Amino acid sequence: MSKELKVKHIACIGAGYVGGPTMAVIAQKCPDIKVTVVDMNEQRIAAWNDANLDNLPIYEPGLAEVVAEARNRNLFFSTDVDGAIAAADMIFISVNTPTKTYGIGKGMAADLKYVELCARQIARVATSDKIVVEKSTLPVRTAQSIRTILDAENKGLQFQVLSNPEFLAEGTAVQDLHQPDRVLIGGGQDQAGQAAVQALVDIYARWVDRERIITTNVWSSELSKLTANAFLAQRVSSINAISALCEKSGADVDEIARAIGKDSRIGPKFLKASVGFGGSCFQKDILNLVYIARSYGLTEVADYWEQVIKMNDYQKRRFAENIVSKLFNTVSGKKIAILGWAFKKDTNDTRESAAIYVADYLLNEQAELWVYDPKVKAEQVYADLDYLNTRSEAENRRLVKVVNDPYQAMDDAHAVAILTEWDEFKTYDWQKVYEGMKKPAFLFDGRNVVSSPALLGLGFKYIGIGHCVS
Ligand code: UDX
Ligand code: ADP
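In what follows, the accompanying structure is described. From a predicted model like this one, the values you see are computed outputs, not experimental measurements.

Bringing the overall build of the protein into the picture now. Counting secondary structure elements, the protein contains 18 helices and 14 strands. Here the C-alpha atoms of the protein give a radius of gyration of 24 Å, agreeing with the 23 Å that 2.2 N^0.38 yields for 470 residues. In terms of overall dimensions, the protein has a C-alpha envelope of 75 × 50 × 45 Å along the principal axes. Of all 470 residues assigned to the protein, the portion counted as buried reaches 53%. If you take every contact in the protein between residues at least 6 apart in sequence, the share linking residues at least 24 apart comes to 75%. Total accessible area on the protein is roughly 20700 Å²; 50% of this is exposed by carbon and sulfur atoms.

Structure follows, in structure tokens:
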């Protein structure tokens, strides 16, 4: 491989929540580089190519505009994985790495089968040197396995493996990609490794200040991603632990967050108490971290991080239990409106959303649920419940209605439970909602989004997180 590398053609395997937006922004910022995003899921690729930008497979504020600018200029979406691999000089692996559901490490370790398949496919198809970039979040030392698979074909080609974890948060993905706090690139320390690192640095440097582009060895980069997510999730579990104490003691968790957040060592962000964190990363990455620590015999380290997950499970369960106990210890046959199904606002992603677990708990208590979410489709709600395998698919459809009108969901309900912090919930005509509900009308606010004094005056029995006003 020559010392100076200039990338002309990028391929990205995996057109998901990370691969899609990330490549769209790279293509937008680098019009001279051809970017091809490939996925074996035909439906997903068709949606990325849909002329109607409302039909993109991912909802993210600002994403449609970026896609509109770059698509079919230098950004392409395709199912031809082999073709894209063959043509590219840099290949991002951005496939899913879910928690294993079988075998050794079941329920804890990351399932790397999709990553391994990609590495094997690259090794098989490649006829020229490639820089392979790990974009998916991976356990520390995965680059070693990828490298071994790539080199095993013995074709006399040069492969470099870089780690470039993505730190975007869903709902703010485009903004995070345009103005990242930092870009992290890990690579080999030899000359060829450093040339590959530089090639990727040069791409990001088109729009990111060089001081914000951090280069490290591969292992530090891989482990930094797991560490960042573990620290962020830990903050949410920490404030959620305090929220339980607030509800017993009369303190207010939002006031506490404001007070401690002023300490510049603590900082104000990520201190919002909630019904529990969700998303595809936090739980999966911490479980992975715990698994790695245990496999190195670091029991105390593993137990320490595992507590973050236990606290999150406790918070979701506590919220659901509270609904049942406040509704006079039974929700059987009672209509309950669920506002919000996504794991956070401004995304249609529902992976590990607290809503799924709260709903499942209430369904076990025979509640009748009416679900409204501005961006999540009915099929997704049913798929999430079916995946749990708690009851039959027919039963889920009998007990859960998904509607497009929030007022219909809340009409004649015994209780409303807010599970995602969508902005529109703040602007509802809560007086009208109150009048239409059964009395006493309970409002369980799992995100503390509608706790305005005006609302409290309407007569609701309002139960937020970390403070109790009724
Ligand atoms: C996270 C990381 O932030 C991101 O850097 C990484 O690349 C992927 O994982 P994401 O899961 O998309 O991003 O969203 P994030 O904003 O981190 O929220 C995760 C969960 O924590 C959501 O359910 C959110 O509602 C919850 N949360 C977050 C809180 O409950 N309180 C907070 O103060 C912050
Ligand atoms: P993330 O949130 O990390 O982006 P997603 O699950 O949204 O994860 O996206 C991962 C994508 O990777 C899916 O669309 C899946 O079809 C795709 N994928 C997984 N393995 C392969 C493969 N070997 N070849 C092509 N696409 C793949």
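Two elements in contact, helix α9 (residues 218-249) and helix α10 (residues 253-261), have axes separated by 9 Å at closest approach and are oriented at 130°. With respect to α10, the element α9 is oriented oblique. Crossing of α9 against α10: the hand is right-handed. Contacts between α9 and α10 involve Ile 239, Ile 242, Ser 243 and Cys 246 from the former and Val 253, Ile 256 and Ala 257 from the latter.

Once that is clear, we can look at the site of ligand 2. The environment of ligand 2 is made up of 15 residues, and the closest members are Tyr 17, Val 18, Asp 39, Arg 44 and Arg 351. One of the side-chain N or O atoms of Asp 39 is found 2.6 Å from an oxygen atom in ligand 2. One nitrogen or oxygen atom from the side chain of Arg 351 is found 2.8 Å from an oxygen atom belonging to ligand 2. When isolated, ligand 2 has an accessible area of 580 Å², and the protein chains bury 89% of it.

What counts, and where the lines are drawn
- Residues numbered from 1 in each chain as written.
- Chains lettered and ligands numbered in written order.
- Predicted model: local features only at pLDDT ≥ 70, side-chain atom pairs only at ≥ 80, totals over all residues.
- Heavy atoms only, no water.
- Helix = DSSP H or I, 4+ residues; strand = E, 2+ residues; numbered from the N terminus.
- Rg over C-alpha atoms; globule rule 2.2 N^0.38 Å.
- Buried < 20%, exposed > 50% of the residue type's maximum accessible area, 1.4 Å probe, protein only.
- Contact = heavy atoms within 4.5 Å.
- Areas by Shrake-Rupley, 256 points an atom, 1.4 Å probe, with all protein chains shown as cover.
- Axes fitted to C-alpha atoms, helices over the stretch in contact; angles between N-to-C directions.
- Parallel < 35°, antiparallel > 145°, perpendicular 65-115°, else oblique.
- Left-handed = near helix turned anticlockwise from the far one by under 90°.
- Near = heavy atom within 4 Å.
- Polar contact = N/O pair within 3.5 Å; in protein donor to acceptor, adjacent residues only side chain to side chain.

By themselves, these are just geometric observations and shouldn't be taken as functional.
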